[in-house]
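An overview of the molecular structure
Spelled out from the first residue to the last, the chains are:
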Amino acid sequence: MTNQAKFLTPALAVAPPAPGLDDVIAAETMLSFVDGEAGRLVVRGHELAEIAGQGYEAVLALLWRDLAPGTMDRNALRAALGEARVRVHQQLLPLLPATDGLSQVEALRLLLSALGDEESSPHHVVAVAAVAVFTAAIARRRAGAPPVAPDAALSLSADLLRMLHGTPAAREKIDALDAYLVTVADHGLNASTFTARVITSTRAGLFSSVVGGLCALKGPLHGGAPGPVLDMLDAIGEESRIRPWIVDALARGERLMGFGHRIYRVRDPRADVLKAVVSNLRENAARIRFAEKVESEALALLARKKPLRPLQTNVEFYTALVLEAVGFPRESFTNVFAVGRMAGWTAHVLEQEKTGRLIRPQSSYVGPMPEAAAARQA
Ligand code: ACO
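Residues numbered from 1 in each chain as written. Predicted model: local features only at pLDDT ≥ 70, side-chain atom pairs only at ≥ 80, totals over all residues. Heavy atoms only, no water.

Together, R255, K305, K306 and R309 make up a region of like positive charge exposed at the surface. Its place among the elements puts R255 in the loop between α12 (242-251) and α13 (269-279). Since its relative accessible area comes to 65%, R255 is described here as exposed. (Patch = residues over 30% accessible without salt bridge, like charges linked within 9 Å, V, L, I, M, F, W, Y side chains within 5 Å. Areas by Shrake-Rupley, 256 points an atom, 1.4 Å probe, with all protein chains shown as cover. Salt bridge = Lys/Arg side-chain N within 4 Å of Asp/Glu carboxyl O. Lys, Arg positive; Asp, Glu negative; His and termini not counted. Charge placed at Lys NZ, Arg CZ, Asp CG, Glu CD. Helix = DSSP H or I, 4+ residues; strand = E, 2+ residues; numbered from the N terminus. Buried < 20%, exposed > 50% of the residue type's maximum accessible area, 1.4 Å probe, protein only.)

So this is what it looks like as structure tokens:
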């Protein structure tokens, strides 16, 4: 190495990680395990398919068990969440007009930011209640309707649909939303969960951590994809256009929304759970048949275009169909995702708080050193 080269880049003790940190293990967790090669998701010792039908409160109880102070069973949790929804509605919804002009996810970001760290109730319970109340109220305001007060006696899924539509939802729709929220509740160290853990490690508090998580979720490469999945289905329009539309999109270098995943090299197991959920919603049969045709054509064309990079259906593809079927406007899909993922964010925050260690990785400096300029002048 010449003297000048030595000054340009400081010696590295280890090779720098890949740009997306794919191979870096940045935390230990007992919350969930994603096996990308086998297409498997385990949540605290349970296969996803095993817990998908048990309800959102049950998965919250599972994720928070032994981590949250005053651990509750699903029934106690249901009551605590109901009370927290009523309180959030009374205290924070007066801020709703301030969200006018923002996208729905930006509106949620603003309202969640208003949660005060002095709030005395358990913050993890309030965070879950708040994201549900805000999601419904924001969607209604964009449709020109006033917010609907929560019903503390209902499950979170039943109340979320009731607060959205203004009338009680059908059982099959409540069950579909419940299964969706469980399906996306936690998923290893994804970008938003990692963000929440980093913020927690600075002791900024749970509300700040989950607002950070939401900011990371907002992007189309993470939680912002399901709305665009429906845009894609609408743009394709009819069966005869499926193949030419996808061929053109890929030729333009576009990404097909709802396909590909950083971890899964086989089909995302959550897509299967949600496909079964949406198939049970009878009124949607034609839409689902069309989506299935788009899916199989997309998979065939992606395999042809990227033979060395397995690109399979991800959770967002069938998420779009479930959320459309239960009546959410597509602009609110990311917020509904945040309702589900709030379970994981809060559990990871509680788990991270137990380690107490500030997350502070190192970077490898590849810029010039002052000595290099001096060497050049010499
Ligand atoms: N459509 C077309 N091409 C794709 C797609 C796609 N959906 N996904 C990846 N590719 C291509 C890339 O263009 C890239 O090609 P190149 O090597 O010629 O540049 C190659 O496959 C590898 O892609 P990467 O960017 O390395 O894959 P990465 O692991 O970073 O991306 C991601 C994963 C972001 C999910 C990607 O597949 C994508 O953008 N999908 C579409 C958006 C989407 O569905 N997001 C939701 C993800 S699920 C979730 O977060 C809950």
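Below, the discussion takes up helix α15 (residues 315-325). Along α15, ten of the eleven residues are buried, which leaves the element largely enclosed by surrounding structure. Those residues of α15 that fall on the buried side of the exposure criterion are V315, E316, F317, Y318, T319, A320, L321, V322, L323 and A325. Looking at the buried positions of α15, the neighbouring elements they touch are α8 (171-183), α11 (226-236), α13, α14 (285-305) and α16 (333-355). Two or three places before E316, at the opening of α15, N314 has a side-chain oxygen 2.9 Å from that residue's backbone nitrogen. Just past α15, the residue G327 takes up positive phi, approximately 100°. (Contact = heavy atoms within 4.5 Å. Polar contact = N/O pair within 3.5 Å; in protein donor to acceptor, adjacent residues only side chain to side chain.)

Strand order in the open sheet formed by three strands is β1-β2-β3, and the pairing between neighbours is antiparallel. Strands at the two margins of the open sheet, each flanked by one partner only, are β1 (32-35) and β3 (46-47). Note: strand β2 (residues 40-43) against β3, two bridges, orientation antiparallel. Along β3, the bridge assignment pairs V42 with E47. (Pairing = 2+ DSSP bridges.)

For L274, the position within the fold is in helix α13. Separated by 43 residues in sequence, L274 and F317 have C-alpha atoms that sit 9.0 Å apart. When sequence neighbours within four positions are dropped, the list of residues in contact with L274 reads Y180, T183, V315, Y318, T319 and V322.

Turning next to the packing of aromatic side chains. Within this structure, the stated rule accounts for two aromatic pairs. With a centroid separation of 5.2 Å and 50° between ring planes, the pair formed by F259 and F317 is classed as tilted. Of this pair, F259 sits in the loop between α12 and α13 while F317 sits in helix α15, placing them 58 residues apart in sequence. Each member of the pair, F259 together with F317, is buried. Note on F317 and Y318: the rings are 5.1 Å apart at their centroids and 80° apart in plane angle, and the pair reads as edge-to-face. Residue F317 is classed as buried on the basis of its relative accessible area, which comes to 0%. Note on Y318: relative accessible area 0%, which makes it buried. (Phe/Tyr/Trp six-rings, centres within 6.5 Å; stacked < 30°, edge-to-face > 60°.)

This part takes up the domain arrangement of the protein chain. For the protein chain, the assigned domains read domain 1 (32-221 + 330-355) and domain 2 (226-325). Of note, the centres of domain 1 and domain 2, computed from C-alpha atoms alone, are 26 Å apart. Counting residues at the interface gives 25 residues for domain 1, matched by 30 residues for domain 2. With both chains or domains summed, domain 1 and domain 2 bury close to 2200 Å², and 68% of this area falls on carbon and sulfur atoms. Together, E172, R330 and F333 form the three largest contributors to the area buried by domain 1 at its contact with domain 2, with a combined 30%. (Domains from an automatic or database assignment. Buried area = accessible area lost by both parts, 1.4 Å probe.)

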